[in-house]
Amino acid sequence: METIAKKLAEITARGLYRQVDSYQPQSPTKFLRAGKEYLVLSSNNYLGLTHHPLVMQAAKQAVDIFGAGSGGARLTTGCTLLHNELEKALAQFKGTQAVRLFNTGYMANVGVISALGGLDDAIFSDELNHASIVDGCRLSKAKTYVYRHSDMDSLEYQLKNASQAKLKLIVTDGVFSMDGDIARLDDIVMLAEKYQAMVMVDDAHAVGVIGTGGRGTVSYFGLEKKVDVQVGTMSKALASEGGYVAGSKILIDYITNCARSFIFSTALSAVTVASAYQALRVLEENPQLVSKLQDNADYLRTGLKMAGLPVIESATPIIPVVIGDARRAVQMAVKLNEEGILVPAVRPPTVPENSSRLRITVSASHTKEELKFAADKIISIARDLEVMEG
Ligand SMILES: *Cc1c(COP(=O)(O)O)cnc(C)c1O
């Protein structure tokens, strides 16, 4: 225990201490904490569907019909008709032959990558990939080659290096979770064809966000049929929980038999599945939600950039304002908190050293007035703390 306490003290001294807060959501964009109302600019609930009447109703109906928990793994007795229906609907949405659900996006990445990467295989992973991809690589028996962020020369160099590998798998976030930029999936697919590699994209922040009707990165680049593995989550734009992998029938069959995080974990409850299913339906029937989200993101990003804030350029609702020093980033987040705005300071190890940042995320549910209010506060606090560019 003494050793652990010492390590914890070190974490605290470096400004990296984290703790859990709890909230009472009033709507997708307004949360209560200790009686005070906050404007939320930090949720992955991109389309605000957590509180959509049809989604909430689907959850209530599901609990009446199926009860609360699933009571078993998918391969035993935990699978309802709803699970199968959601997989079918997701496959149709993604334009793939099949889909397999996982309990989280994290578990999907860990399970899929460790199942695919065997002893004589090679995985090529972008250095800014999500932690769940990193952990999947660590769990697999394959050798992992990390390439510089979205750097195709670096990727090609690694592909050449590993020419002896049996299976080659290039894996990338579709939309990078901390920088909000979009992977160069078209270039990645070209290199994959040249070096006979499989391609896997993680669409956690891309579904409901980019591509036709929010279909994700493959759709955004028009690369249908050229990407072997698409992982995603129902926990972000789909307003529920759970992950999935989409691809060919053979891939899904293999994953079903070999992905340990699928096999050895209790199935999602029907309540979760029903909400995700209904959210997907709402998204399909309301593609204008995706344009509204884009419009809101552009509005806030432009406002912050024009004022001279060090914003990372992107075309997604993830708007990072890079402060650098962890303590200063936290200081800004605390001041925003005092003004009733929830924006997190993201610090190492989530982002590289000296790139601590405010990570702002926008939802289709925000009004322009809310975004203007937030922009004004962020800009005035940034001026006070002298974090402006140039
Ligand atoms: C959030 C996220 C995940 C994990 O998904 P969960 O369903 O929350 O476990 C995986 N990959 C990326 C890129 C993410 O942003």
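See the structure shown above.
Since this is a predicted model, take the numbers as computed values, not measurements.

Visitor: Account for the site of the ligand, with residues named and values stated.
Guide: Surveying the vicinity of the ligand reveals 14 residues, the closest of which are Gly105, Asp202, His205, Thr233 and Lys236. One of the side-chain nitrogen or oxygen atoms of His205 is found 2.7 Å away from an oxygen atom of the ligand. Lys236 has a polar side-chain atom sitting 2.6 Å from an oxygen atom of the ligand. Out of a free accessible area of 380 Å², the ligand has 86% covered by protein chains. For the shell around the ligand, the per-class residue count stands at two nonpolar, nine polar and three charged.

Visitor: Outline unusual backbone geometry, supporting the account with residue identities and numerical values.
Guide: Backbone torsion omega between Pro348 and Pro349 reads 10°, so that peptide bond is classified as cis. Locating Pro349 in the fold gives a position in the loop between strand E13 (345-346) and strand E14 (356-361). Unlike most non-glycine residues, Ala239 shows phi in positive territory, near 60°.

Visitor: Break down the packing of aromatic side chains for me, citing the residues and quoting the values.
Guide: Tallying each qualifying case throughout the model produces four aromatic pairs. Pairing Tyr23 with Phe31 gives two aromatic rings, centres 5.9 Å apart and planes at 45°, and the pair type is tilted. Residue classification places Phe31 among the buried positions, given a relative accessible area of 16%. Ring centres of Phe124 and Tyr145 lie 5.3 Å apart, and the angle between their planes is 20°; on these two criteria the pair is classed as stacked.

Visitor: Run through a nonpolar patch on the surface, naming residues and quoting values.
Guide: A contiguous nonpolar surface patch, about 260 Å² in accessible area, is contributed by Leu8, Ile11 and Tyr17. We classify Ile11 as partly exposed; its relative accessible area is 34%.

Visitor: Talk me through helix H7 (residues 185-194); I want residue IDs and the actual numbers.
Guide: Within the span of H7, buried status applies to Leu185, Ile188, Val189, Leu191 and Ala192. Buried residues in H7, looked at end-on, bunch into an arc of 165°, giving them a common side. Projecting away from the buried face of H7 at angles above 90 degrees are the exposed residues Met190 and Lys194. For H7, the elements touching its buried residues are strand E6 (143-147), helix H6 (152-161), strand E7 (168-173), strand E8 (198-202) and helix H8 (217-221). Gln196 occupies a position one or two residues after H7 and carries a positive phi of about 50°.

Visitor: Which residues make up the sheet that holds strand E11 (residues 318-324), and what values go with them?
Guide: The three strands lie next to each other as E11-E14-E13, forming an open sheet whose pairing is antiparallel. Strand pairing shows two members of the sheet lacking a second neighbour, E11 and E13, which therefore form its edges. Note that E11 and E14 share six bridges and pair antiparallel. Opposite Pro320, over in E14, you have Arg359 as the bridge partner. Along the sheet face, helix H12 (residues 288-306) touches E11 and E14 and points at about 25° away from the line of E11.

Rules and cut-offs
- Sequence order as written defines residue numbering, which begins from 1 separately in each chain.
- Reporting of local features is limited, given that this is a predicted model, to residues whose pLDDT is at least 70; pairs of side-chain atoms are given and counted only at 80 or more, and all residues count toward the totals for whole chains, interfaces and linings.
- Excluding hydrogens and water, the side-chain values take into account all heavy atoms of the structure.
- Any residue with at least one heavy atom within 4 Å of a molecule or strand is counted as near it.
- Identification of polar contacts relies on pairs of N or O atoms within 3.5 Å, with a donor-acceptor requirement for protein atoms, meaning one able to donate a hydrogen and the other able to accept it, and with residues adjacent in sequence counted only if both atoms are side-chain atoms.
- We get accessible surface area from the Shrake-Rupley algorithm with a probe of 1.4 Å; when it comes to residues, only the shown protein chains can shield them.
- Residue polarity is assigned by list, with Asp, Glu, Lys and Arg as charged and Ala, Val, Leu, Ile, Met, Phe, Trp, Tyr, Cys and Pro as nonpolar; anything else, Gly included, falls into the polar class.
- Every helix listed is a DSSP run of H or I at least four residues long, and every strand listed is a run of E at least two residues long, numbered separately from the N terminus.
- Side-chain rings of Phe, Tyr and Trp, where Trp is taken by its six-membered ring, are said to pair if the distance between their centres is within 6.5 Å; with planes under 30 degrees apart they count as stacked, over 60 as edge-to-face, and otherwise as tilted.
- The classification of residues rests on relative accessible area computed with a 1.4 Å probe and restricted to protein chains. Under 20% of the type maximum is buried, over 50% is exposed, and intermediate values are partly exposed.
- Nonpolar side chains (Val, Leu, Ile, Met, Phe, Trp, Tyr) are joined into patches within 5 Å and like charges within 9 Å, using only residues with over 30% relative accessible area and no salt bridge.
- By definition here, a salt bridge exists when the distance from a side-chain nitrogen of Lys or Arg to a carboxyl oxygen of Asp or Glu is within 4 Å.
- The arc in question is the one spanned by the directions pointing from the helix axis to the C-beta atoms.
- It only takes one pair of heavy atoms within 4.5 Å for two residues to be counted as in contact.
- Here, a strand pair is defined by DSSP locating no fewer than two bridges between the strands.
- In this analysis an axis means a line fitted to C-alpha atoms, helices contributing only their contacting stretch, and an angle means the value between N-to-C directions, from 0 to 180 degrees.

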